[in-house]
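Structure assessment
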Amino acid sequence: MKTCIVYYSKHHGNTKKLVDAIAGADGSVTLIDVTEHPDADLSAFDRIGIASGIYFSSFAAQIVAFADARLPENRNVFYIYTHGAPVGGFLKGIRSVVKKKHCRELGKYHCLGFDTFGPFGKIGGIAKGHPTEKEIAGAVRFYKEL
Ligand SMILES: Cc1cc2nc3c(=O)[nH]c(=O)nc-3n(C[C@H](O)[C@H](O)[C@H](O)COP(=O)(O)O)c2cc1C
């Protein structure tokens, strides 16, 4: 099974820490930064991870647009995301694209990610120290158990 993870991780590289650890544990995984490869061809992959920091309660607009344009139909998809707030319905937008493409959802892994957006920056940020080593290891475990 060929696996790739497409990702958007621009705030502090929090989400990238998770996908880098997964790629470190499984050298066959292809990582694709959607900002560097907006036209990437995913047709060769049957399992596709979609990874993003959360921006305005959603996966980054760039990765949602990427998935809308480039996610092939009928694939196995999993989600990885990091967020500053403890809870939220963050999957809504990306999930509607995945459903539209008739892809199967294999699961999701998410954790806190250091957040200095707007007023949080003035107080030194929230979710400091996240993702922790334990959370990063949790992402690898999640991937291995998919
Ligand atoms: C412009 C902006 C908007 C954000 N909006 C939210 C939000 O709505 N909810 C939330 O929990 N975190 C929000 N965050 C925090 C990020 O989701 C969090 O820091 C995440 O770990 C960033 O991932 P990245 O470093 O991989 O880009 C926001 C951050 C930025 C910069």
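In case you missed it, the structure is sitting above this.
Below you will find a few notes about this structure. (Residues numbered from 1 in each chain as written. Predicted model: local features only at pLDDT ≥ 70, side-chain atom pairs only at ≥ 80, totals over all residues. Heavy atoms only, no water.)

Right, let's get into the overall build of the chain. For the chain, the count of helices and strands is five helices and six strands. When the helices and strands of the chain are read in sequence order from the N terminus, they spell out β-α-β-β-β-α-β-α-β-α-α. Computed over C-alpha atoms, the radius of gyration of the chain comes to 14 Å, within 12% of the 15 Å expected from 2.2 N^0.38 for 146 residues, which places it in the range of a compact globule. Its C-alpha atoms give the chain principal-axis dimensions of roughly 45 × 30 × 25 Å. Looking at the chain residue by residue over its 146 residues, the buried ones come to 47%. Taking all contacts inside the chain whose residues are at least 6 apart in sequence as the whole, residues at least 24 apart take part in 78%. By element, 54% of the accessible surface of the chain is carried by carbon and sulfur atoms, the whole surface being about 7,300 Å². Averaging the locations of the 19 positively and 14 negatively charged side chains of the chain gives two centres separated by 5 Å. (Helix = DSSP H or I, 4+ residues; strand = E, 2+ residues; numbered from the N terminus. Rg over C-alpha atoms; globule rule 2.2 N^0.38 Å. Buried < 20%, exposed > 50% of the residue type's maximum accessible area, 1.4 Å probe, protein only. Contact = heavy atoms within 4.5 Å. Areas by Shrake-Rupley, 256 points an atom, 1.4 Å probe, with all protein chains shown as cover. Lys, Arg positive; Asp, Glu negative; His and termini not counted. Charge placed at Lys NZ, Arg CZ, Asp CG, Glu CD.)

Our next topic: the site of the ligand. Near the ligand, the surroundings consist of 21 residues, among which S9, T15, I54, Y55 and T82 are the closest. At a separation of 2.6 Å, an oxygen atom of the ligand approaches a polar side-chain atom of S9. F114 is positioned with one of its backbone polar atoms (N or O) 2.8 Å from an oxygen atom of the ligand. When the free accessible area of the ligand is taken as 650 Å², the share hidden by the protein chains comes to 90%. (Near = heavy atom within 4 Å. Polar contact = N/O pair within 3.5 Å; in protein donor to acceptor, adjacent residues only side chain to side chain.)

Before going further, it helps to spend a moment on the side chain of H83. With respect to the element layout, H83 can be found in strand β5 (residues 76-83). Here H83 is in contact with I54, F90, H110, C111, L112 and G113, once residues within four sequence places are set aside.

H130 connects to P131 through a cis peptide bond whose omega is 0°. For P131, the location among the structural elements is in the loop between α4 (119-122) and α5 (133-144). Positive phi, normally seen in glycine, also occurs at F56, with a value near 50°. As for its position among the elements, F56 is in the loop between β3 (47-55) and β4 (58-59). With a phi close to 65°, S57 is a non-glycine residue in the positive phi region. The residue S57 is located in the loop between β3 and β4 in this model.

Looking now at the layout of surface pockets. The calculated volume of the largest pocket comes to roughly 410 Å³. Along its surface, the largest pocket is lined by 23 residues, and I54, Y55, F56, G84 and D115 are the ones closest to its centre. Counting residues per element, the ones that place at least two in the lining of the largest pocket are α1 (14-25), β3 and β5. Top element by residues in the lining of the largest pocket is β3. It accounts for three residues. (1 Å grid on protein atoms, 1.4 Å probe; cavity = no way out; pocket = protein on both sides within 12 Å on 5 of 7 lines; lining within 4 Å. Points joined across faces, edges and corners; volume = space filled by probe spheres on them.)

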